[in-house]
Amino acid sequence: MTPTTVTVSEATDDLAPSAAERLAVASQYLLPKQAMTAFGGVVARWRGGPVTTAIIRWFVAKYGVDMAEAAEPDIAAYARFNDFFTRALRPGVRPLVTSDLVSPVDGSISQFGAIDGDQIFQAKGHHYTTTALLGDAALAAPFAGGHFATLYLSPKDYHRIHMPCAGRLTRMIHVPGELFSVNPTTARGVPGLFARNERVVCVFENERRPWVLVLVGATIVGSMATVWHGVVNPPRPGQVRAWRYEDRTVQLAQGDEMGRFLLGSTVVLLFPPGLLRFNPAWVPGGAIRMGEAMASVGS
């Protein structure tokens, strides 16, 4: 049976960047991103009492965070900014629909569709390879001609990451890299952005077929964590670190929390070739919520 895919048209991203956007992208190359991120991590972990509460209150007002959805809606109850940023939601506010694949996050759709050979579409004029993203040609090989989805988490979003489907963890790889911003402007202006930034590659298996969820770091992302490991970074030793899980079972069900960003970023999902149909309501730039239908698999 011939696989059915959805291919993203570059016509969805055909606006020329403005002068302000070009300046914003150019500044990304000049900013001391590592130092800014280290400082941001210190502030986010700081127990600053009323100062921390004031920072959180400012953040909520600036970005329009909906605290009514939080399990703890009282801003003053959060001792650290990270506690607020990785806040849990009230039970029932993100119900799982019946779907083979559900959205793993709240956020917006950057791009999605078919992987063209080994090429993943980033934005008009920009592609990157599965090998560059995963850092391992053998690991990338099963995803040639498969499917991808790139999902952006803005500052206002819920920042825990959940399983789009059930999976058994087989590997985790921390790949060092840059710390460019991952907002839509930067995605349009920095070649190979998601394969250049620091990232944590989580490899799962479902019915003996692999799939991958990549947590992509960004400027001011103090750290990334998974439920089976805890905080992965820092440390940032500047070299690839890998963990294998063949000798122990890490099995997660659809909808289970698998990790979180301590300050926000992007996730990239890879699936192997096969019959996969993305939600027809999905469009680049569209808003998504965790638990909504992402795609169906099979006949």
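You'll find the structure just up there.
Model, not experiment: these values are computed from the prediction. (Residues numbered from 1 in each chain as written. Predicted model: local features only at pLDDT ≥ 70, side-chain atom pairs only at ≥ 80, totals over all residues. Heavy atoms only, no water.)

A. Examining the sheet that holds strand 16 (residues 276-278) more closely. Strand order in the open sheet made by the 3 strands is 1-18-16, with antiparallel pairing throughout. Both edges of this open sheet fall to strand 1 (101-102) and strand 16, since each of them pairs with a single strand only. (Pairing = 2+ DSSP bridges. Helix = DSSP H or I, 4+ residues; strand = E, 2+ residues; numbered from the N terminus.)

B. The arrangement of helix 3 (residues 50-63) in detail. Its 14 residues place the ends of helix 3 20 Å apart at the C-alpha level, agreeing with the 20 Å of an ideal helix rising 1.5 Å per residue. For helix 3, every residue scored as buried is listed here: Thr52, Thr53, Ile56, Phe59 and Val60. All buried residues of helix 3 lie within an arc of 125 degrees about the axis, which places them on one face of the element. Seen from the open side of helix 3, the exposed residues pointing more than 90 degrees away from its buried face are Pro50, Trp58, Ala61 and Lys62. The elements touched by buried residues of helix 3 are helix 4 (81-85). Just beyond helix 3, the residue with positive phi is glycine 64, at close to 70 degrees. (Expected span 1.5 Å × (residues − 1). Buried < 20%, exposed > 50% of the residue type's maximum accessible area, 1.4 Å probe, protein only. Arc of directions from axis to C-beta. Contact = heavy atoms within 4.5 Å.)

C. Representation of the nonpolar core. Within the largest apolar cluster, 35 residues are counted, with the highest numbers of intra-cluster contacts made by Phe204, Trp228 and Met258. Look past the residues within four positions of tryptophan 228 in its chain and what remains in contact with it is Leu169, Met172, Cys202, Phe204, Tyr245, Arg248, Val250, Leu252 and Met258. Core analysis: the second largest hydrophobic core is formed by 28 residues, Ile120, Val182, Val190 and Val214 among them. (Core = buried A, V, L, I, M, F, W, Y, C linked by side-chain atoms within 4.5 Å.)

D. Region of interest: the environment of glycine 217. Structurally, glycine 217 is set in the loop between strand 9 (209-216) and strand 10 (223-226). Among the residues examined, glycine 217 registers a relative accessible area of 0% and is labelled buried. Between the C-alpha atom of glycine 217 and that of phenylalanine 180, which follows or precedes it by 37 residues, the distance is 8.1 Å. With near-sequence residues (within four places) excluded, glycine 217 lies in contact with Leu179, Phe180, Val182, Asn197, Glu198, Arg199, Met224 and Ser265.

E. Broad picture of the sheet that holds strand 6 (residues 160-162). The strand order across the open sheet built from 4 strands is 6-14-10-11, with neighbouring strands paired in antiparallel fashion. If you trace the sheet from one side to the other, it starts and ends with strand 6 and strand 11 (230-233), each paired once. Across this sheet, the average inter-strand angle for adjacent strands is 25 degrees, counted without regard to direction. Here strand 6 runs beside strand 14 (residues 257-262); their pairing, made up of 3 bridges, is antiparallel. Along strand 14, the bridge assignment pairs isoleucine 161 with glycine 259. (Axes fitted to C-alpha atoms, helices over the stretch in contact; angles between N-to-C directions.)

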